[in-house]
Amino acid sequence: MAVRPIIIAPDKRLKLACKPVEGVGKSVRTLMDDMLESMYASNGIGLAAPQLGVLARVIVLDVARADNEPQPLRLANPEIRWVSDELVEREEGCLSFPEHFAPVTRPERVRVAYLDHENRARELEAAGLLARCVQHEIDHLDGLLFVEYLSALKRNVILRKLAKTKKLAAEAAD
Ligand code: NI
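Residues numbered from 1 in each chain as written. Predicted model: local features only at pLDDT ≥ 70, side-chain atom pairs only at ≥ 80, totals over all residues. Heavy atoms only, no water.

This next bit is on the layout of surface pockets. Of the voids in this model, the largest pocket is the one considered here, and its volume is about 380 Å³. Elements supplying a minimum of two residues to the lining of the largest pocket: β4 (87-92) and α2 (128-141). Looking at the lining of the largest pocket element by element, the count peaks at five residues for α2. Taken as a whole, the second largest pocket encloses approximately 160 Å³ of empty space. Looking at the second largest pocket, the residues that line it are Tyr40, Asn43, Gly44, Ile45, Asp62, Val63, Ala64, Arg65, Ala66 and Leu129. Considering only residue class, the lining of the second largest pocket consists of six nonpolar, two polar and two charged. (1 Å grid on protein atoms, 1.4 Å probe; cavity = no way out; pocket = protein on both sides within 12 Å on 5 of 7 lines; lining within 4 Å. Points joined across faces, edges and corners; volume = space filled by probe spheres on them. Helix = DSSP H or I, 4+ residues; strand = E, 2+ residues; numbered from the N terminus. Nonpolar A, V, L, I, M, F, W, Y, C, P; charged D, E, K, R; others polar.)

Following this line, the structure appears as structure tokens:
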């Protein structure tokens, strides 16, 4: 396993749609493991392959609390099969938008079909934080970022701040 750098917004690569994987073999499993390690290294609860620059429909999640055993989930080709009518608004963040959080409204419950790390077809039924996280990560696979749910004004404030931070970091590295 290896920690790989996470792409920070604004970046065109985060807005591209990802292709399904043909199946989960050794290379996809390695990607899943690298994604989990990169996610844990940044104290995240979810990560999508495009955030590492890989345009494949693969996501990982772990919403276990710090005092619980890790509960890693590895999903390839995840597809939302059902969402609840009940919607909830909750603060959301993203490892590609460090230090920025904003309320987003999403369905409270979802059912998702996917391939697991051993290429088995499975379904996940989720509520609360896990449901929110899985929807956020699946959005990434279609190039949809959580800031797209915000007003243009709020989105642009966040993107401008991130662009400025990146510029300062690049200058400091010169
Ligand atoms: Ni994200």
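So, next bit.
Let us look at the coordination of the nickel ion. Around the nickel ion, the protein supplies Cys94 (SG), His136 (NE2) and His140 (NE2) as donor atoms, at distances of 2.1 to 2.2 Å. As a motif over one chain, the donors of the nickel ion read C-x41-H-x3-H. With histidine 136 and histidine 140 both in helix α2, this residue pair falls four residues apart, about one helical turn. Overall, histidine 136 belongs to the buried group, its relative accessible area being 6%. Residue class for histidine 140 comes out buried when judged on its relative accessible area of 2%. (Donors = N, O, S within 2.8 Å, 3.2 Å for Na, K, Ca; no water. Buried < 20%, exposed > 50% of the residue type's maximum accessible area, 1.4 Å probe, protein only.)

Bringing the nonpolar core into the picture now. Residues Met32, Met35, Leu47, Val58, Val60 and Ala76 are the most contacted members of the largest nonpolar core, which totals 18 residues. Of all the secondary structure elements, the ones that give two or more residues to this core are α1 (26-41) and β2 (58-61). The dominant element in this core, judged by the number of residues it contributes, is α1, at six residues. (Core = buried A, V, L, I, M, F, W, Y, C linked by side-chain atoms within 4.5 Å.)

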